[in-house]
Amino acid sequence: MATATDPAEYRAVLDAYRALPTAERFRVARRASPELRLHLARVERDMALDRSPGALAAVLTGGKEMQAPHLDIIDRIYQRIDAGERIRAMVTMPPRAGKSRRTSRWGPAWYLRKQPDHRFMLASYAAHLADDHGRWVRNTITEHAPTLGINLKYGSQAANRFDIEGHEGGMVTAGVGGALTGRGAHVAAVDDPFKGSEDASSPTQRERVWDWWQSVLLTRLEPNGSVLLVNTRWDDDDLSGRLLKEEPEDWIVIDLPAIALTADDPLGRQPGEALWPSRFNVDDYARIRKSVGERVWWALYQQQPRPLEGGVWQWAWITGNRVSRAQFLGIDLSRVVVAIDPSGGAGTANDETGIVAAGRTSEGHYYVTEDRSGRHGANAWGREACLLAVELKADALVVETNFGGDMTRQVLIQAWNELERQNLTQGMPMPRIVEVNAKQGKRLRAEPIAQLYEQSLVHHVGEWPALENQMVTWIPGMDSPDRMDAAVHALTELADPASARVGSTSYTDRRLQGRR
């Protein structure tokens, strides 16, 4: 391989070289003659150009373009679309994270190099912004045409619409709400459909965007066309929120908050870790949070939009009394309960099973410590609730029996027995099962607990965005969501005067021994 001289032999060598693993290619290059090494360098460059938008950006900028793991996620979406998959992908991330450059600039440039016969549509909240992205892609193709292997068609080089010479493909841009004329699109990218909070908070504007999405953008897609929606979240009913309510099963959702919230983070971050520490670290984000306020922080940076308050809870009652995990280490609890609100009834509001743990001190302060709610089947929620009870050494399982009756009790007993057979109960006696029938009087149950929040007696240990959103947006008369119901059941049990000492009914097995 190192001594090939015939052109045909060179082509065979280069084709074989492309198929080798990376480490083997490096070994071949080290042994190659200087002349062959030049050919191999060109092959490596072309392979990098083909690999991903980020790799193409690195080649064309000499390694100066920003690279980061969260941008690699956008690259992988483009790679899947290029491979022929029909993708519906939604990526949410904070500002200044490089999403627009990768999604709306390097992504289209890379895709048109790979698929010059395909059409790419790009929309943003304003036509001039979409045109800026189109102009950048156009100029990049013109400047690097020999390297990219594509050029623009003469007479079709406008910023908002241009075509690839000798091919059927090209790019068209528009503002959300505007027309997307011309031929259909193989890929449609929407980069921030709302200008900001005021736009996203307007029901009229939200409906305008939704109508445009349905009647304009989707109607321009080819049968196997893909959609990439990249944005920051402003409202629970913004475009991302509406799509997740209407068709959640159709979307790949990659949620990238500035500070990781859960252990299943797409980047493998642990809760509390920053998205891009080399650019904005945890301290940087703490300063930003203080500057922009809680509502903007949670919407724009954490991708957890918090709508305006409802009629029972207020944000200040939650945020003003929150404690950290470190602060909670010094708290002695006299009781701990796990409350369950099994899913039931019709509608999306009842798709989840609420599983919330809370405790109280002998001084009469309450702590919401865990929210393990989710879409669980009967066997799954019973096991999850019992495992949480073991983890926290809970003395009671409080379960709503509206839809399940005696079945809910049986689910918990069977789950506990199964854990005992698996030696997972740590020798604990089974927590007492406290049954709650809350079919009537949701407001009567919620308002006394809200008053405890107002009196600064309830503290959330850490942040529970989904639960907290449900609390502050719930208005009496609405169907009450399951996380909120579970929290209310737990705190009601703990606040019952009869439970202040040993629980709502007497314990005889000394399970509370050692608690004050």
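Caption draft 1: Expanded view of the environment of alanine 486. Turning to its location among the elements, alanine 486 is positioned in helix H20 (residues 482–495). Residue alanine 486 is classed as buried on the basis of its relative accessible area, which comes to 0%. For the pair alanine 486 and aspartate 371, spaced 115 residues apart in the sequence, the C-alpha separation amounts to 9.2 Å. Apart from residues no more than four positions distant in its own chain, alanine 486 is found in contact with Ala339, Asp341, Gly354, Ile355 and Val356.

Caption draft 2: Expanded view of the side chain of glutamate 352. Within the secondary structure layout, glutamate 352 lies in the loop between strand E9 (335–341) and strand E10 (354–360). On the basis of relative accessible area, glutamate 352 is assigned to the buried category, the value being 18%. Within the structure, the side chain of glutamate 352 is placed 2.9 Å from the side chain of arginine 483, a separation counted as a polar contact. Here glutamate 352 is in contact with Asp341, Pro342, Ser343, Gly374, Arg375, Gln470, Asp482 and Arg483, once residues within four sequence places are set aside.

Caption draft 3: Up close: the nonpolar core. Counting residues in each nonpolar core, the largest one holds 40 residues, and the members touching the most others are Ile77, Val91, Phe120 and Ile141. The dominant element in this core, judged by the number of residues it contributes, is helix H5 (residues 69–82), at six residues. When neighbours within four sequence positions are excluded, phenylalanine 120 is seen to be in contact with Tyr78, Pro108, Tyr111, Leu112, Gly170, Met171, Val172, Val187 and Ala189. Ala174, Leu180, Val209 and Trp212 belong to the second largest nonpolar core, which has 35 residues in total.

Caption draft 4: The arrangement of the sheet that holds strand E5 (residues 170–175) in detail. Spatial ordering of the open sheet is given by E3-E4-E5-E2-E6-E7-E1-E8, a layout of eight strands whose pairing is mixed. Every other strand in the sheet has two partners, leaving strand E3 (152–158) and strand E8 (252–255) as the edge strands with one partner each. Across the sheet, the mean angle from the axis of one strand to that of its neighbour is 15°, orientation sign disregarded. Inspection of the sheet shows strand E2 (residues 119–124) paired to strand E6 (residues 185–191) by five bridges, in the parallel sense. Along E6, the bridge assignment pairs leucine 122 with alanine 189. Sheet strands in contact with helix H7 (residues 127–143) are E2, E3, strand E4 (161–164), E5 and E6, and its direction is about 160° off that of E5.

Rules of the game
- Residues numbered from 1 in each chain as written.
- Predicted model: local features only at pLDDT ≥ 70, side-chain atom pairs only at ≥ 80, totals over all residues.
- Heavy atoms only, no water.
- Helix = DSSP H or I, 4+ residues; strand = E, 2+ residues; numbered from the N terminus.
- Buried < 20%, exposed > 50% of the residue type's maximum accessible area, 1.4 Å probe, protein only.
- Contact = heavy atoms within 4.5 Å.
- Polar contact = N/O pair within 3.5 Å; in protein donor to acceptor, adjacent residues only side chain to side chain.
- Core = buried A, V, L, I, M, F, W, Y, C linked by side-chain atoms within 4.5 Å.
- Pairing = 2+ DSSP bridges.
- Axes fitted to C-alpha atoms, helices over the stretch in contact; angles between N-to-C directions.

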